[in-house]
Amino acid sequence: MDLEAAGGAAAAAGHGKLDCFALLQRWRGESWRATLLLAYQSLGVVYGDVATSPLYVYKSAFAGDDIQHSAGNEEIYGVLSFVFWTLTLITLLKYVLIVLRADDGGEGGTFALYSLICRHVRAGLLPGGGTRDELMEEDKAMGRHGERPVSRVRAVLEKYRVLQRLLLLFALLGTCMVIGDGVLTPAVSVFSAVSGLELSMEKEQHKYIELPVACAILVCLFALQHYGTHKVGFLFAPIVCIWLLCISAIGLYNIIHWDHRVYRALSPYYMYQFLKKTQTGGWMSLGGILLCVTGSEAMYADLGHFSQSSIQIAFISVVYPALVLAYMGQAAFISQHHNFESSYHIGFYVSVPESLRWPVLVIAILAAVVGSQAIITGTFSIIKQCSSLSCFPGVKIVHTSSTVHGQIYIPEINWMLMVLCLAVTIGFRDTKHLANAQGLAVITVMLVTTCLMSLVIVLCWNKSIFLALVFLLFFGTIEVLYFSASLVKFHEGAWVPITLSFIFMVVMCVWHYGTIKKYEFDVQNKVSVNWLLNLGPSLGIVRVRGIGLIHTELMSGIPAIFSHFVTNLPAFHQVLVFLCVKSVPVPHVQPEERFLVGRIGPKEYRLYRVIVRYGYRDVQKDDLEFEKELVSNIAEFIRSIGEYDKNGFVEDTDKPSEKLSPVSTGIPLWEEDGDLDASVSPHKEVDPQNIAPKRKKARFMIPKSAQVDSEVRRELQELMDAREAGMSFILGHSYMKAKSGSSFIKRIVINFFYEFLRKNSRGPAYAANIPHASTLEVGMVYQV
């Protein structure tokens, strides 16, 4: 095994890019049949939100006194023109044709753009984040030689730390707005769908029924989340297909029956006429028109569930034509009806033939539930990404599907979203304020995506800065116009996403700041390897049977928790493993490149370091599977390194340094009794007092072709005996405290906010799977 070649491959695959190219190659080679099937499935997961936007776009645009529908139809034609071109430029051109190409290992979303940028420049603020050096290793592994051009943008971004912090804050802002959208979208979609009751019931009745029915649907929607999207996923695509067919057929009927010349309103000239006549009122109504592109960000965020081509085919061939026909049909109907009592009646259901209103109402409610389901699931995924990258307190993540990747459920977030969703629904009780709030959240996320995408064009795609500026100015100008129109409605509901985002931003920033300070404390107070070597093979204490796993955030050096432990206890395990579990800012890490194993000190010390890397969308195994895989990979490291490194560690000048090697395939570890052809098997009796859970007999299966000397065999035998004796997990239980003399703000943030979040959040995912009988916590106070 060539360790240098394997190391280069590990640096690439370990940071999640080789799987990106594998995905791309797989997508390119997949059949049209598979692509069309994915396109069909994407209708139920990706497009539920944008497909239900015709329920409330016109109603929101004409809400209030901003604009009024006149006999000349300039207003309705102008709104239609704005809707068509906004849907075409923002959703079709920007997202479907451009942004979808900026995937991070097949994943999309705000954090995907941020991690993509951080791995091409030294701009990551997260411990264990990728750097440009690792990208160069990936290029070598993929056969792409040559230095990438050093742009001024990258040089400036790497030089100034404040710009890196602003970049992280910008990404967190977009993430917080997506979470806010997860609160508002179910409320807007469900309430708009239920509002169809007003045309089928008397006014005195429907106003008392709409709110309870909407709240009941929302409660049921969130209560069903723990079953998982995959169990009802087969219903989603047919519902959205029926809905799109329904609104396009109704739109086509209205065009033919009421105004077949409504297509003229697609000309940009009508936008000019609209703004010329309505002026300030028309500009303020853009906040309602903006809702026609709600759900566009979901296409990019859900990229990991489908291929780029399937999403593009579904939108271009089905969703886009259906939405255009629906909006044109509504405009054609409204243009011939000027006898409304108020603009409140300008909505979707008024253009539906009376005989079809009840069936359409049922389909609309089902479609609204599907659209809400998609954004709720997307919110779960974003929270998981933030938690994996130390930007959100630990939460319980339940994987609801063993076959469909990305289907997760977070109980705490689910009930929090339900309470907030019910609160805004009951508090506003109309689509006007809810739509204003949703509009600001949607356009803010789009602005963040545009800015980050312009950096991707320069830093990741190596295009000219002129092209990035054209992208930024063109789409940024459009979105700033809509953003200003949404922001002016601050007192009419737009304050909700700002308030929610501020709260989530504070939580994320405090948690990230405390995590970074804790990591810096560990780095500054780690024990040198020389101190360990001076203790001798016995480490100055009695070595007892078993394996001791010491969890640490450090990828090098000896953590302070170890010295704190050995100075207070008289004994330690015969095999010590310093385990570092890292969440790297990439979606997936190849399973065969997940483990990096090294030895600390000479062989006789029996000290190992294992770094386990998970992507932010990887699923961590339970304790038994993880323990088996860990021991198997350490055994493979012992066997392979014995062939190349006789000393066990590398001398770098006068300071010993660790040698971490990627372990592609561990030695098979069989746990069944029987006559197995094993080169190493345990025969020693085990003291029951040293065993926590009862285990089956286990034995290593060393390949017959491997040349294993007696020293390696003895080390493997000792590892196996230690595993049979039992495994203990040593966890650090830290308390954060600001140093004396720290500023008042730092004391408040660390001593109160961070400690409050730490006490009320869940521990690391690996800690939750560790048996309590095998866990030992060592308390330490961190003064930062």
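Remember, it's a predicted structure, so these values are computed and weren't measured experimentally. (Residues numbered from 1 in each chain as written. Predicted model: local features only at pLDDT ≥ 70, side-chain atom pairs only at ≥ 80, totals over all residues. Heavy atoms only, no water.)

Peer 1: How would you summarise a nonpolar patch on the surface if you had to cite specific residues and measurements?
Peer 2: A cluster of nonpolar side chains, contributed by Val156, Tyr160, Val162, Leu163, Leu166 and Leu169, occupies part of the molecular surface with about 480 Å² of accessible area. When you line up the elements, Leu169 lands in helix H10 (residues 161–194). Judged by its relative accessible area of 37%, Leu169 is partly exposed. (Patch = residues over 30% accessible without salt bridge, like charges linked within 9 Å, V, L, I, M, F, W, Y side chains within 5 Å. Areas by Shrake-Rupley, 256 points an atom, 1.4 Å probe, with all protein chains shown as cover. Salt bridge = Lys/Arg side-chain N within 4 Å of Asp/Glu carboxyl O. Helix = DSSP H or I, 4+ residues; strand = E, 2+ residues; numbered from the N terminus. Buried < 20%, exposed > 50% of the residue type's maximum accessible area, 1.4 Å probe, protein only.)

Peer 1: Run through the environment of Lys276, naming residues and quoting values.
Peer 2: If you trace the backbone, Lys276 turns up in helix H13 (residues 269–278). A C-alpha to C-alpha distance of 10.0 Å links Lys276 and Glu74, two positions 202 residues apart in sequence.

Peer 1: Just give me the short version of the nonpolar core, but keep the residues and values in it.
Peer 2: The biggest cluster of nonpolar side chains holds 160 residues, and the ones touching the most others in it are Tyr47, Val79, Leu80, Trp243 and Tyr300. If we ignore the near neighbours within four places in the chain, the residues touching Tyr300 are Tyr95, Val99, Leu100, Ala102, Gly108, Gly109, Ala112 and Leu113. Within the second largest apolar cluster, 28 residues are counted, among which are Trp511, Val566, Leu757 and Tyr782. (Core = buried A, V, L, I, M, F, W, Y, C linked by side-chain atoms within 4.5 Å. Contact = heavy atoms within 4.5 Å.)

Peer 1: If you had to explain the environment of Ala364 to someone new, which residues and values would you point to?
Peer 2: Tracing the sequence through the fold places Ala364 in helix H18 (residues 357–388). With 172 residues separating them along the chain, Ala364 and Ser192 place their C-alpha atoms 9.0 Å apart. Beyond its immediate chain neighbours, meaning those up to four positions away, Ala364 contacts Leu55, Ala193, Trp243 and Tyr349.

Peer 1: Tell me about the packing of aromatic side chains, and name the residues and values.
Peer 2: Going through the model one piece at a time under the given rule, you end up with 14 aromatic pairs. Chaining the aromatic ring pairs together yields one cluster made of Tyr77, Tyr269, Tyr270 and Tyr272. (Phe/Tyr/Trp six-rings, centres within 6.5 Å; stacked < 30°, edge-to-face > 60°.)

Peer 1: For the confidence of the model for the protein, give the residues involved together with the corresponding values.
Peer 2: Residues with a pLDDT of 70 or more make up 74% of the protein, whose mean pLDDT is 75. Mean pLDDT per element in the protein: helix H1 (residues 3–13) is the minimum at 34, and helix H21 (residues 465–487) is the maximum at 92. For residues 1–29, every residue scores under 50 in pLDDT, and the model assigns this stretch 66 contacts once sequence neighbours within four places are set aside. Within the model, the stretch residues 128–148 combines pLDDT values under 50 with 49 contacts to residues more than four positions away or in other chains. (pLDDT = per-residue confidence, 0-100.)

Peer 1: Quick rundown of the pairing of strand S6 (residues 607–615)? Include the residues and the values.
Peer 2: With respect to burial, S6 is a largely interior element, nine of its nine residues being buried. By the bridge criterion, five bridges tie strand S5 (residues 595–599) to S6 in an arrangement that is antiparallel. Each residue of the ladder has a partner; that of Gly598, found in S6, is Arg609. (Pairing = 2+ DSSP bridges.)

Peer 1: Pulling in residues and values, what's your account of the pattern of salt bridges?
Peer 2: Evaluation of the coordinates by the stated rule reveals seven salt bridges. Taking the shortest distance from any N to any O, the salt bridge between Lys517 and Glu520 comes out at 3.7 Å. Taken together, the residues Lys517 and Glu520, both in helix H22 (residues 495–524) and three residues apart, mark about one turn of the helix. Residue Arg758 pairs with Glu755 through a salt bridge whose shortest N-O separation is 2.8 Å. Taken together, the positions of Arg758 and Glu755, both in helix H27 (residues 744–759) and three residues apart, correspond to about one turn of that helix. There is no split in this pair, since Arg758 and Glu755 are both buried. What emerges from the salt-bridge pattern is a single network uniting Glu74, Glu75 and Lys277.

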